[in-house]
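Working through the structure, step by step
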Amino acid sequence: MEAPAAPHNPVETELTVTSPEQMRELGLKLAKLLRAGDLVMLSGELGAGKTTLTRGLGEGLGVRGAVTSPTFVIARVHPSLGGGPPLVHVDAYRLGGGLDEMEDLDLDVSLSDSVIVVEWGEGKVEELTDDRLQVRIHRAVGDTTDEVRHLTLTGLGERWAAVDLGVLTA
């Protein structure tokens with residue numbers, strides 16, 4: 001019998017998606033695991049599917065408004081249509097600084113009652129919370145016709161220690 005995971009040992013799973021529709025469906029599944037206070041960090045090349053995954057999350061969370069890339073507005077808030085947490089979708093690509101610039105967005109205020117998804121957040125938002133889900137999306141570079149994406153999901157902190165990310169592969 002295996003011992004339970006220690007509170008701060010990362011929980012990790014890997015999976016492959018072969019189409020934008022599967023990426024959106026993964027977002028729908030992942031939304032069922034999320035709750036208010038969760039921080040999800042997405043990383044991957046341009047065109048890897050970060051916004052498509054977030055679109056599925058928004059659909060699964062039942063939020064208002066079309067989930068599109070917030071590149072030029074930095075952050076968008078999508079209120080819940082059914083009493084669940086709002087989705088705060090952030091694109092940190094254009095933010096050069098670390099947590100100081102991110103604090104200007106007041107994400108730490110929203111974190112406790114929202115699900116926050118940050119694209120390009122590595123090295124910028126980790127200090128918001130010890131508990132976060134990192135999603136790394138890998139795709140073939142230079143081959144724009146290849147829809148295959150390999151994802152590594154890593155749950156960090158006590159919040160994710162008991163979460164079975166393996167349900168996302170079913």
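In this report, we go over the structure that sits alongside the text.

So, how was this worked out
- Residues numbered from 1 in each chain as written.
- Predicted model: local features only at pLDDT ≥ 70, side-chain atom pairs only at ≥ 80, totals over all residues.
- Heavy atoms only, no water.
- Buried < 20%, exposed > 50% of the residue type's maximum accessible area, 1.4 Å probe, protein only.
- Helix = DSSP H or I, 4+ residues; strand = E, 2+ residues; numbered from the N terminus.
- Pairing = 2+ DSSP bridges.
- Axes fitted to C-alpha atoms, helices over the stretch in contact; angles between N-to-C directions.
- Contact = heavy atoms within 4.5 Å.
- 1 Å grid on protein atoms, 1.4 Å probe; cavity = no way out; pocket = protein on both sides within 12 Å on 5 of 7 lines; lining within 4 Å.
- Points joined across faces, edges and corners; volume = space filled by probe spheres on them.
- Nonpolar A, V, L, I, M, F, W, Y, C, P; charged D, E, K, R; others polar.

**What about the pairing of strand β1 (residues 11-17)?**
Burial along β1 is one-sided: Val11, Thr13, Leu15 and Val17 are buried, while Glu12, Glu14 and Thr16, pointing the other way, are not. By the bridge criterion, seven bridges tie β1 to strand β7 (residues 149-156) in an arrangement that is antiparallel. Considered in β7, the bridge of glutamate 14 is made with threonine 152.

**Focus: the sheet that holds strand β4 (residues 87-91)**
One open sheet holds the seven strands; their spatial order is β1-β7-β6-β2-β5-β4-β3, and the pairing between them is mixed. Sheet topology places β1 and β3 (75-78) at the edges, where each strand pairs with a single neighbour. In this sheet, neighbouring strand axes are inclined to one another by 15 degrees on average, regardless of whether the strands run parallel or antiparallel. Along the sheet, helix α1 (residues 20-31) contacts β1, β6 (132-139) and β7; its crossing angle with β1, the most-contacted strand, is approximately 150 degrees.

**Quick word on the layout of surface pockets**
Taken as a whole, the largest pocket spans an internal volume of roughly 150 Å³. Surrounding the largest pocket, Leu15, Thr16, Val17, Gln22, Glu25, Leu26, Lys29, Leu168, Thr169 and Ala170 form its lining. Elements supplying a minimum of two residues to the lining of the largest pocket: β1 and α1. Ranked by the residues each element gives to the lining of the largest pocket, the list is headed by α1, at four residues. Here the lining of the largest pocket is built from residues that sort into five nonpolar, three polar and two charged.

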